[in-house]
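Descriptive structure summary
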Amino acid sequence: MVFKLSNFIIETKNHLKGNRIENILWFVNIVPKLLGFSLERDKVFVPFWIGTALLLIYVYGVGSIVYQAKFARVPSDYVKNYFNVSILIFVLTNCYWWIKQRPLLKTVLKQVAENDRLARETDCLLKKHENLLSVVKKIVLIFNGCNMIDAIFIYLPHRIDVSNNYYSMTPCVGLEPLTASPNREICLIILALPEFCIITIILTFQSLILFLIAHTSTMYQLLSAEMLLLDEQDFDQIHYKEVKEKLPKLIKRHVLTLDIVKNLQDLYGMPTGVNFGTNAVCIALFFYLSLQECVNFSPIFINSFLVFFLYCFLCQKLIDSSESFERSVYACGWEKFDVREKRMVYIILLQAQKPLKLLAANIIPVNIYTFATTLQLLYKFLTVVKF
């Protein structure tokens, strides 16, 4: 036991120090691997998802319905209860996504790993590759760290406390009275289990999409750098031979990257739309609450705002990187090439000029303009509601 623990500590240190795709995916996969829905599994562990769905429906669904029917009196009660409903909708959507989209997710992860391997073949850009992945790893770690701290110190203690009514939801319907033993202890377990599952499912889903978008943006940046390396001042036969060898590889990597972007749209389009919708409403309703209620719901607000911003920011980064790649293709010194290589560059340029974008719910473009526009609309809403 001590030997296994020692090995785990050493493995954890190595993964935290490393700046490779395996290190980031290992971190994202730690808790899912323990719960039975590891990213490496080919098949879905059905009992986990059935148990999670039933617990969620009982705790959040039944609890919300009973609260609205018997105890809700003022508008703020219904507003707070909406947060519970939005969590239920989003987590059930995620459960369905993990089951339904696992084959496509496995395909995307294989494509990303292959794209990363091909990018590392250029020795002179290995340092740049490592630095860019270091930034991606920091984004994933900071995102998870902020949300876990909020969940552990603010969200969970209030959520599993059966003596309060912070979240406008009737806990453990049918187990009354909750002040008596063993009803109280059973209720605490029933409340704690789905909360732990919710945090794991949501953070894994969100961390994974943030990683995949950021990594694809990194691949575009490396492609841009490699295209620019094709143009040298001293253009001799030796260098031209290298150009002829590199161009087919660059075409292959660009096609693979485009295929990854397409699969990301198919993979995350609908759940991202649900997440955007619930997050936008949660952010708007958050400011309707009193100061004390805002503190209790702050973990939900922080997660909603952080996810919304990072989705838009990283997707904008992906768009900018693809446009930078387009400029790099045109500036690669193609005018010095023979006809065959010029045709290859022309093919890459045609593909690079196609607008790249990810759509939430296959409708709303995810970029920094969407983020700014949404904040502007929320501000207008708040001025009407609050003032």
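Residues numbered from 1 in each chain as written. Predicted model: local features only at pLDDT ≥ 70, side-chain atom pairs only at ≥ 80, totals over all residues. Heavy atoms only, no water.

**Quick notes on the overall build of the protein chain**
Here is the rule we go by: Numbering of helices and strands starts at the N terminus; helices are DSSP runs of H or I of at least 4 residues and strands are runs of E of at least 2. Throughout, a residue-residue contact means that at least one pair of heavy atoms, one from each residue, lies within 4.5 Å. Computed with a 1.4 Å probe, the accessible areas rest on the Shrake-Rupley method; for each residue, only the protein chains presented here act as cover. For the purpose of charge, His is not counted, nor are the chain termini; Lys and Arg are scored as positive and Asp and Glu as negative. For this purpose, a charge sits on NZ of Lys, CZ of Arg, CG of Asp or CD of Glu.
Looking only at helices and strands, the protein chain features 13 helices and 2 strands. Dimensions of the protein chain along its principal axes, counting C-alpha atoms only, are 85 × 60 × 30 Å. A fraction of 81% describes how many contacts in the protein chain between residues 6 or more apart in sequence connect residues 24 or more apart. Carbon together with sulfur atoms contributes 66% to the accessible area of the protein chain, which is approximately 19,400 Å² in total. Across the protein chain, 39 positive and 31 negative side-chain charges occur, with their mean positions spaced 4 Å apart.

**Looking at the layout of surface pockets**
Worth spelling out the cut-off: Here a cavity means grid points, on a 1 Å grid over the protein atoms only, where a 1.4 Å probe fits yet cannot get out; a pocket means an open set of points with protein on both sides within 12 Å along at least five of seven lines; lining residues are those with an atom within 4 Å of a point. Grid points are joined across faces, edges and corners, and a volume is the space filled by probe spheres set on the points. Each residue is assigned to one class: nonpolar for Ala, Val, Leu, Ile, Met, Phe, Trp, Tyr, Cys and Pro, charged for Asp, Glu, Lys and Arg, and polar for all the others, Gly among them.
In this structure, the largest pocket encloses a volume near 460 Å³. In this structure, the largest pocket is lined by 17 residues; those nearest its centre are Glu22, Leu25, Trp26, Asn29 and Glu40. Taken together, the elements giving at least two residues each to the lining of the largest pocket come down to α1 (2-17), α2 (21-28), α3 (30-35) and α6 (102-119). Of the voids in this model, the second largest pocket is the one considered here, and its volume is about 300 Å³. Looking at the lining of the second largest pocket, the elements with two or more residues in it are α2, α3, α7 (126-159) and α8 (183-229). Grouping the amino acids of the lining of the second largest pocket by side-chain chemistry returns 11 nonpolar, 4 polar and no charged.

**With respect to empty space enclosed by the protein**
A full pass over the atoms with the stated rule returns 4 cavities of 30 Å³ or more. In this structure, the largest cavity encloses a volume near 340 Å³. Contributing to the lining of the largest cavity are 20 residues, with Ile87, Ile202, Pro299, Ile300 and Asn303 lying nearest its centre. Elements with a minimum of two residues in the lining of the largest cavity: α5 (75-100), α7, α8, α9 (237-286) and α11 (298-330). If one sorts the elements of the lining of the largest cavity by residue count, α8 sits on top with 5 residues. Counted by class, the lining of the largest cavity contains 11 nonpolar, 8 polar and 1 charged residues.

**Examining the UniProt feature "transmembrane region" (unreviewed entry) in the protein chain**
The criterion, for reference: UniProt positions are given in the numbering used here, feature names are shortened, and annotations may be inferred rather than shown by experiment.
Residues annotated in UniProt with the feature "transmembrane region" (unreviewed entry) correspond here to residues 45-69, 81-99, 186-214, 268-288, 300-319 and 359-379. The span residues 45-69 carries 96% helix and 0% strand; its end-to-end C-alpha distance comes to 36 Å. Along residues 300-319 the backbone is 100% helical and 0% strand, and the end-to-end C-alpha distance reaches 28 Å.

**With respect to the state of the cysteines**
In plain terms, the rule: Disulfides are defined as pairs of cysteine sulfur atoms found within 2.5 Å of each other. For each residue, the accessible area found with a 1.4 Å probe, counting protein chains only, is set against the maximum for its type, and the residue is called buried under 20%, exposed over 50%, and partly exposed in between.
One pass over the full model with this rule turns up 1 disulfide. The side chain of cysteine 172 participates in a disulfide bridge whose partner is cysteine 187; the two sulfur atoms lie 2.0 Å from each other. Handedness here is read from the sign of the S-S torsion; for cysteine 172 and cysteine 187, about 95°, the answer is right-handed. Taken together, the residues span a long stretch of sequence, with cysteine 172 in the loop between α7 and α8 and cysteine 187 in helix α8 at a distance of 15 residues. Each member of the pair cysteine 172 and cysteine 187 is classed as buried. A disulfide-free cysteine, cysteine 124 has its sulfur positioned 15 Å from the sulfur of cysteine 332, the nearest such atom. Looking at cysteine 315, it has no disulfide partner, and the nearest cysteine sulfur is the one in cysteine 312, 7.2 Å off. What makes cysteine 315 buried here is its relative accessible area of 5%.

**Some thoughts on unusual backbone geometry**
With an omega dihedral of 0°, the bond running from glutamate 176 to proline 177 counts as a cis peptide bond. Mapped onto the fold, proline 177 is located in the loop between α7 and α8. In this structure, the amide linkage connecting serine 181 to the following residue, proline 182, adopts the cis form with an omega of 10°. Within the secondary structure layout, proline 182 lies in the loop between α7 and α8. Unlike most non-glycine residues, cysteine 172 shows phi in positive territory, near 50°.

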